[in-house]
Amino acid sequence: MKFGGTSVADAQRVIRAAKRIVARKEAGKRVVAVLSARGSTTDELIAMAAEVSALPDPREMDMLLSTGERISCALCAMAIRDLGHDAVSLTGSQAGILTDTSHTKARIVDVDAARIQRELDSGAIVLVAGFQGVSTNQDVTTLGRGGSDTTAVAVAAALNAEVCEIYTDVAGVFSADPRIVPDARKLSTVSFEEMLEMAASGANVLQLRAVEYARNHNVRIHCRSSLEDGPGTVVLGEGETMEQPLITAVTHSTDEARLTLLGVPDDPGVAGRIFTALAEANVNVDMIIQNEPISGGHRADMSFTVPRSDLVDARSALDGLIGELGITDVVTDEKMGKVSVIGAGMKSHPGVAAKVFEVLGGEGINIEMIVTSPIKISCVISGEHVPTAVRALHSAFALGEGATLQERPFGDEASA
Ligand code: ADP
Ligand code: ASP
Ligand code: MG
């Protein structure tokens, strides 16, 4: 059972989570709960670091950030004990979560669940601090924003758990962010394929790495509300039967930054050098566009997007190459957004992209970059237009509560 930050934000909610955990235990289950830092604790810790350092040391950043989830676990263990059950809180390191050494976005390389098993065998409820581990260098690491989801999935995999329940502040995975689209529809199931695209394109209800880990290790995820009972969304493995609507969800992100390199030499191997430098700096590049040089020139322009939080790292990774390759200029745009339409059904239906562009055009929104996969169409647009774009697409594809499958546009006429 994983509880997110809002679900343990204050004393009442910690107690509510404790009661839910205890109810599971009393129903005869062995329970491990992974908790996030309370409310905006992680943001506050990041702000604290910014007060003392312009570029905080990543190792020390992890020492700092890992404290948030420890607080939640210790408090919840106390509350569970008061409810008459044995409980023990563990740091990521104590829980056996081994990661690589890339501070602030470490990857889990192994989970040794022996300690958790021992505590479970003794009858205790185990609370594991989310979002953290210990590196192969024995330093504390954190797993990137939203990383408690990954802790939960990794622990579930190591224990061969029946299910990994992700308790959050919404009732499940919706056809769009319910904060932006009030009539968004809760999906009772979603395939791994679609959930991966959704998480990758901004639906932060489940962290991308958690979904990847769950797919690779066959973990059943049930994403549900911590505030009310009732079923949420189950992420289904490939092969499990389900309907395949044309469009499943509209996702968005408002924290994209774009870099444009002007005058990049049009020679073999240049793109390889640029993106190797970025990869070595652990920068996640999303969309890439390169224009061929205009008639006869030997230099091209290249644009790509990165999460805004990676912009500084991206710039410094490129510093050396700029002179070496004779790149004329680097233009950055920090206020980009992205809107994406996702659906496994679009594989076999042409015309979806045209409709997306038409809808955005109808709203007077300029599309700056486009990237597609077999089940996704993403458009980079100016950040300020994101909410309008999401609502317009959600309604154009009739994804809302109340719209039935039959009513949804894009029957056979779509291919015409
Ligand atoms: P937690 O703290 O529980 O991990 P998060 O804030 O990380 O919660 O994720 C839950 C939030 O994800 C919701 O409050 C919602 O605004 C947002 N969200 C974005 N896209 C979606 C979506 N498609 N379905 C559900 N929630 C979404
Ligand atoms: N507390 C961390 C964050 O805010 C991890 C998490 O909540 O999953 O990103
Ligand atoms: Mg989260």
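Reference entry: report on the structure contained in this document. (Residues numbered from 1 in each chain as written. Chains lettered and ligands numbered in written order. Predicted model: local features only at pLDDT ≥ 70, side-chain atom pairs only at ≥ 80, totals over all residues. Heavy atoms only, no water.)

**Observations regarding the overall build of the protein**
Item 1. On a plain count of helices and strands, the protein comes out with eleven helices and 18 strands.
Item 2. For the protein, the C-alpha radius of gyration of 23 Å lies close to 22 Å, the compact-globule estimate for 416 residues.
Item 3. The principal-axis extent of the C-alpha atoms belonging to the protein is close to 75 × 55 × 35 Å.
Item 4. Residues classed as buried in the protein amount to 52% of the 416 residues present. (Helix = DSSP H or I, 4+ residues; strand = E, 2+ residues; numbered from the N terminus. Rg over C-alpha atoms; globule rule 2.2 N^0.38 Å. Buried < 20%, exposed > 50% of the residue type's maximum accessible area, 1.4 Å probe, protein only.)

**Brief notes about the site of ligand 1**
Item 1. Taken together, 17 residues surround ligand 1, and among them Thr-168, Asp-169, Phe-174, Asp-177 and Arg-179 come closest.
Item 2. A distance of 2.9 Å is found between a nitrogen atom of ligand 1 and a backbone nitrogen or oxygen belonging to Phe-174.
Item 3. In the complex, the protein chains occlude 88% of the 570 Å² of accessible area that ligand 1 would expose alone.
Item 4. When grouped by side-chain class, the residues that make up the shell around ligand 1 number eight nonpolar, five polar and four charged. (Near = heavy atom within 4 Å. Polar contact = N/O pair within 3.5 Å; in protein donor to acceptor, adjacent residues only side chain to side chain. Areas by Shrake-Rupley, 256 points an atom, 1.4 Å probe, with all protein chains shown as cover. Nonpolar A, V, L, I, M, F, W, Y, C, P; charged D, E, K, R; others polar.)

**Section: empty space enclosed by the protein**
Item 1. Throughout the structure, instances matching the rule amount to one cavity of 30 Å³ or more.
Item 2. Empty space within the largest cavity amounts to approximately 40 Å³.
Item 3. For the lining of the largest cavity, the element with the most residues is helix α1 (residues 11–26), which contributes four residues.
Item 4. The residue inventory of the lining of the largest cavity, partitioned by class, reads three nonpolar, two polar and three charged. (1 Å grid on protein atoms, 1.4 Å probe; cavity = no way out; pocket = protein on both sides within 12 Å on 5 of 7 lines; lining within 4 Å. Points joined across faces, edges and corners; volume = space filled by probe spheres on them.)

**With respect to the pairing of strand β9 (residues 164–168)**
Item 1. For β9, the tally of buried residues reaches five of five residues, placing the bulk of the element in the interior.
Item 2. Alternating positions in β9 separate into two faces, Cys-164, Ile-166 and Thr-168 on one and Glu-165 and Tyr-167 on the other, with burial throughout.
Item 3. Sheet topology note: the strand β1 (residues 2–3)/β9 ladder contains two bridges and is parallel. Bridging from a neighbouring strand, Phe-3 pairs with Tyr-167 of β9.
Item 4. Note: β9 against strand β11 (residues 221–225), five bridges, orientation parallel. Directly across from Tyr-167, in β11, lies its bridge partner Arg-224. (Pairing = 2+ DSSP bridges.)

**What about the site of ligand 2?**
Item 1. All residues adjacent to ligand 2 are Ser-36, Ala-37, Thr-42, Glu-69, Phe-131, Arg-145, Gly-146, Gly-147 and Ser-148.
Item 2. A distance of 3.1 Å separates a nitrogen atom of ligand 2 from a polar side-chain atom of Glu-69.
Item 3. Backbone polar atom of Gly-147 to an oxygen atom of ligand 2: 3.3 Å apart, as the coordinates give it.
Item 4. For ligand 2, whose accessible area on its own is 260 Å², the fraction buried by protein is 86%.
Item 5. Taken together, the residues that form the shell around ligand 2 break down as two nonpolar, five polar and two charged.

**Section: the layout of surface pockets**
Item 1. Computed from the structure, the second largest pocket encloses a volume of approximately 440 Å³.
Item 2. Lining of the second largest pocket is provided by 18 residues; of these, Arg-30, Val-31, Ala-161, Glu-162 and Val-163 occupy positions nearest its centre.
Item 3. A total of four residues in the lining of the second largest pocket trace back to one element, the largest contributor, which is helix α5 (residues 148–159).
Item 4. Of the residues contributing to the lining of the second largest pocket, the split by class is twelve nonpolar, one polar and five charged.

**Thoughts on unusual backbone geometry**
Item 1. Phi at Thr-104 takes a positive value of approximately 70°, unusual for a residue other than glycine.
Item 2. Backbone geometry places Asn-282, a non-glycine residue, at a positive phi of 65°.
Item 3. Within the secondary structure, Asn-282 sits in the loop between α8 (270–280) and β14 (288–290).

**Some thoughts on the environment of Leu-236**
Item 1. With respect to the helices, strands and loops of the structure, Leu-236 is situated in strand β12 (residues 233–236).
Item 2. As a C-alpha pair, Leu-236 and Ile-288 span 52 residues in sequence and 31 Å in three-dimensional space.

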